[in-house]
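# Examination of the molecular architecture
So the chains spell out like this:
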Amino acid sequence: MSTYLSELNDVQRQAVEALEGPVMVIAGAGSGKTRVLTYRIAHLMNNGVDSFNILALTFTNKAAREMKERIAKVVGHSEAKNLWMGTFHSIFARILRVEAPLLGYPSNFTIYDQQDALSVMRKVITDLQLDKDIYKPKQMLNRISQFKNNLITVRAYFNNPELIEADEAAMKPKTGEVYRAYVERCYKSGAMDFDDLLLRTNEVLTRFPEVLAKYQDRFRYIMVDEYQDTNHSQYLIVKALASRFENLCVVGDDAQSIYAFRGANIRNILGFQKDYPDAKSFALEQNYRSTQNIVNAANDIIAKNKDQLKKDVWTSNDEGKTIPVYRALTDIDEARFIASRIFEIKMRDQLNNNDFAVLYRTNAQSRAIEEALRKKNIPYRIFGGISFYQRKEVKDLISYLRLLINTNDEEALLRVINYPKRGIGLTTIQKLTVFADEQKMTLYEVLENLSLYGPRTGLNGGTLNKLHNFITMLQSFQVKLKTHDVFEVALEVAKQTGLLKELRDDDTPEGISRLENIQELLNSLQGFVEEQQQLDEGNPSLANFLEDVALATDMDNEDEDADKVALMTVHLAKGLEFPIVFIPGLEENLFPSMMNLNTRLELEEERRLFYVALTRAEKQAILSYSVSRQRWGKIIDAEPSRFLEEMDDKYLDWENPTPMLPVNNSGLSGDLFGDKPVPRFKKKSQPIKKKLTNTTQTLRPLKQAQVNPGDADHQTIEEGYTVVHDRFGKGKVLSLEGEPDNVKAKILFDNSGEKKLLLKFAKLRVLSKN
DNA sequence: GAAGAGCTATTTTTT
DNA sequence: ATAGCTCTTC
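Residues numbered from 1 in each chain as written. Chains lettered and ligands numbered in written order. Predicted model: local features only at pLDDT ≥ 70, side-chain atom pairs only at ≥ 80, totals over all residues. Heavy atoms only, no water.

Going by an unreviewed UniProt entry, chain A carries the name DNA 3'-5' helicase and comes from Profundicola chukchiensis. The record held by UniProt for chain A lists under Sequence similarities (unreviewed entry) the comment "Belongs to the helicase family. UvrD subfamily." (UniProt positions renumbered as here; feature names shortened; annotations may be inferred.)

### Focus: the sheet that holds strand S1 (residues 23–27)
Read from one edge of the open sheet, six strands run S3-S2-S6-S7-S1-S8, paired in parallel fashion. The open sheet has two edge strands with one neighbour each: strand S3 (84–87) and strand S8 (280–284). Between one strand axis and the next, the sheet turns through 15° on average, direction left out of account. The pairing of S1 with strand S7 (residues 248–252) spans four bridges and is parallel. In the sheet register, Ile-26 faces S7, and the bridge partner there is Gly-252. Contacting S1, strand S2 (54–58), S3, strand S6 (221–224), S7 and S8, helix H2 (residues 33–46) runs over the sheet at an angle of about 170° to S6. Contacts from helix H5 (residues 88–99) reach S2, S3 and S6 within the one sheet, and its direction differs from that of S3 by about 120°. (Pairing = 2+ DSSP bridges. Helix = DSSP H or I, 4+ residues; strand = E, 2+ residues; numbered from the N terminus. Axes fitted to C-alpha atoms, helices over the stretch in contact; angles between N-to-C directions. Contact = heavy atoms within 4.5 Å.)

### Structural notes on the protein's contact with DNA strand B
Taken together, the neighbourhood of DNA strand B is formed by 26 residues, with His-89, Arg-361, Asn-363, Thr-427 and Thr-428 sitting nearest. Sugar and phosphate atoms form 60% of the subset of DNA strand B atoms that lie within 4 Å of the protein. The separation between a base oxygen of DNA strand B and a polar side-chain atom of Gln-114 is 3.2 Å. If you list the elements that add at least two residues to the surface near DNA strand B, you get helix H21 (426–438) and helix H29 (570–573). Top element by residues in the surface near DNA strand B is H21. It accounts for three residues. (Near = heavy atom within 4 Å. Polar contact = N/O pair within 3.5 Å; in protein donor to acceptor, adjacent residues only side chain to side chain.)

### Details of helix H24 (residues 461–483)
With 23 residues, H24 extends 34 Å from end C-alpha to end C-alpha; this agrees with the ideal 33 Å at 1.5 Å per step. Among the residues of H24, those classed as buried are Thr-463, Leu-464, Leu-467, Phe-470, Ile-471, Met-473, Leu-474 and Phe-477. Its buried side turned inward, H24 meets helix H19 (392–405), helix H20 (410–416), H21, helix H22 (443–448), helix H23 (450–453) and helix H25 (486–496). Between the side-chain oxygen of the N-cap and the backbone nitrogen of Gly-462 there are 3.1 Å, and the N-cap of H24 in question is Asn-460. (Expected span 1.5 Å × (residues − 1). Buried < 20%, exposed > 50% of the residue type's maximum accessible area, 1.4 Å probe, protein only.)

### Details of the side chain of Asp-113
Its place among the elements puts Asp-113 in the loop between strand S4 (110–112) and helix H6 (114–127). The exposure class assigned to Asp-113 is buried, which follows from its relative accessible area of 9%. Engagement of the side chain of Asp-113 in a polar contact is seen with the backbone nitrogen of Asp-116, the distance being 2.9 Å.

### A short note on the pattern of salt bridges
Summed over the entire model, instances satisfying the criterion amount to 43 salt bridges. Salt-bridge contacts for Lys-123 lead to Glu-411; the nearest nitrogen and oxygen are separated by 2.8 Å. Of the two residues, Lys-123 is situated in helix H6 and Glu-411 in helix H20; the sequence distance between them amounts to 288 residues. A relative accessible area of 7% means that Glu-411 is categorised as buried. Note that Glu-587 is salt-bridged to Arg-629, the shortest N-O span being 2.6 Å. Taken as a pair, Glu-587 in the loop between strand S13 (578–583) and helix H30 (600–614) and Arg-629 in strand S15 (residues 628–631) lie far apart in primary sequence, 42 residues in all. Side by side, Glu-587 and Arg-629 carry an identical accessibility label, which is buried. Through salt bridges with shared partners, a single network forms among Lys-148, Asp-193, Asp-196, Arg-200, Glu-203 and Arg-207. (Salt bridge = Lys/Arg side-chain N within 4 Å of Asp/Glu carboxyl O.)

### Remarks on the environment of Ala-29
Relative to the assigned elements, Ala-29 resides in the loop between S1 and H2. Ala-29 sits 386 residues away from Arg-415 along the chain, and the two C-alpha atoms are 44 Å apart.

Okay, structure coming up:
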């Protein structure tokens, strides 16, 4: 019957067809895991299961989006529309919008990202008059994250002598107070951090059986991707929701568990059979992605780990090339090697830039590589690092918007109350805060009733006036929000607050880029409004947009088809694949990381991380290490990574260092693991260094060029063109209509059906003209 | 209250 | 090395 089943191998098909009861799919790297998941969901629907009753939890938004698209291809997009598919965080944020009031949160609660959380924590520690060198905000945040992920509430903490003792032993006896103050502060602001989204979901489900019953009844079929990277909190949610029908299918690979540092518990997957004794279990072991050399080398690596499920990954693909291992003399040399090699392979094999990825252990490694790529004019795209929505200027504007939705959002308020500068300084804020605390009110409540409370705050008339102006302005935005769409309001905010002017006045390259980012944000708001209107998903609400923003990662803003070399950390590369993958920095203390050498468990996670990196490669993996590297502003010596020695030499091709000099191409011999300096190279390398520093550019190209409303190249779209839209994908232009300045295009998208889009805002790319 | 100078932590990974 | 933070000065 269904053609998709014929696209599966035996085990895959069995896993797809096991629709009822608990199922575990252990999916080796490149074994078609996503295919199984998508077809399984499609199969459910083809067997009469209402998409309304299916919940699919993924690790990233991107994975959810891609999977949804693929499912739509099988069952049609109108069918796929009702599927609940997304990350734990986004799905349960949506549920909490409805249920959080049961816990005393407003339904328009703000989601605090890492930055917000850190800022709250800093304030907490200052408030409690603790030494921030002992109570390091980041560390405290991590500790609290651990508590939350293990469902240890503040009260539970104080009832747990073991935890208290542990914190006392760590010389942080006030940890409980910090925890309490942090939670209270968030609560008062009507805000949840990432961990809260899971913790509060658990709380609602436990405390309100009728709510649990509602969602149990709704989500009759539950699927969890990347199960090896779920934490305890997520585990409990899944368990609770699935306990009625037990139609739970988890998919994952214990060998690719790489998020222990943020609470992922590999025992969730290792113990699935214990939780569900009659679970069916399938192991996908055939790798369709990589060459034999890569698969075998990766198997060598992972075999060194003790904690794992038995699995025998194999491939019938070509043997492939051996894996080059390049020994660089410096990190700059390594970067230059990567750039040159990309250039060579690209020419030789006629590949595109986006066939290449460079996967590194730490973000800091990207710098040298970027520089080398720029020098060779190879376009690249950096993933991760600071995401678009975390940039200062973007976050400033967003904070204004957040404040309109949730006036108690203190982080947002404090961020914008004096930005752009309007003469409301620290002293003023302190006086206000003190008064608000005394009155058990939020800052905003005091500001709202300034004429009443003003005289009692001890602030002078001039300052009160400034505050009054500020609050009046905010209120005018709120009024406007009732009658205008969020794009118009945001534009008004940007103008009225002086934020736009502030950025316009700054004509440094950084300032220009900031202005561009604001424009980009406004564009995406406009796009959001358009899209929501077209999708008929009720009134486009600012709250929805802000939620997307809070949970968005850098991966989500990707222009998929851009022909650029991908640069990212290994963590971010999970689930992706590339024909050619570079893994630089294979040195002790870097990969494996210095921080993870203490226990076997930590080292095993590093090893899995390397396993993940290696198995991203389809045709070729290219490894490198350097004998010296700039770190902490100093040059330090480095030893090759132990992981290099864990692979059988027969899979590897140790390359001697060849200086990438334009003139001198003489190969230099050096011991593979020796670290003798090569004097000849050092001399020659001098002029290069000079050149490199001269070409240093501070600006990294940010996303696509921003789209200005009214941009000329939008006019070039005509009837019959095949175009690509950021979200809707590929489609054909059926007709054009409207004023020259407001042309709307009727487009039939392959996966999303027919849409009418305003050309000036829909970022369309012409794919072909017929 | 704002601007500039100096200091210091940061480099492990992130929904 | 660098950005962000804190302190000092006007």
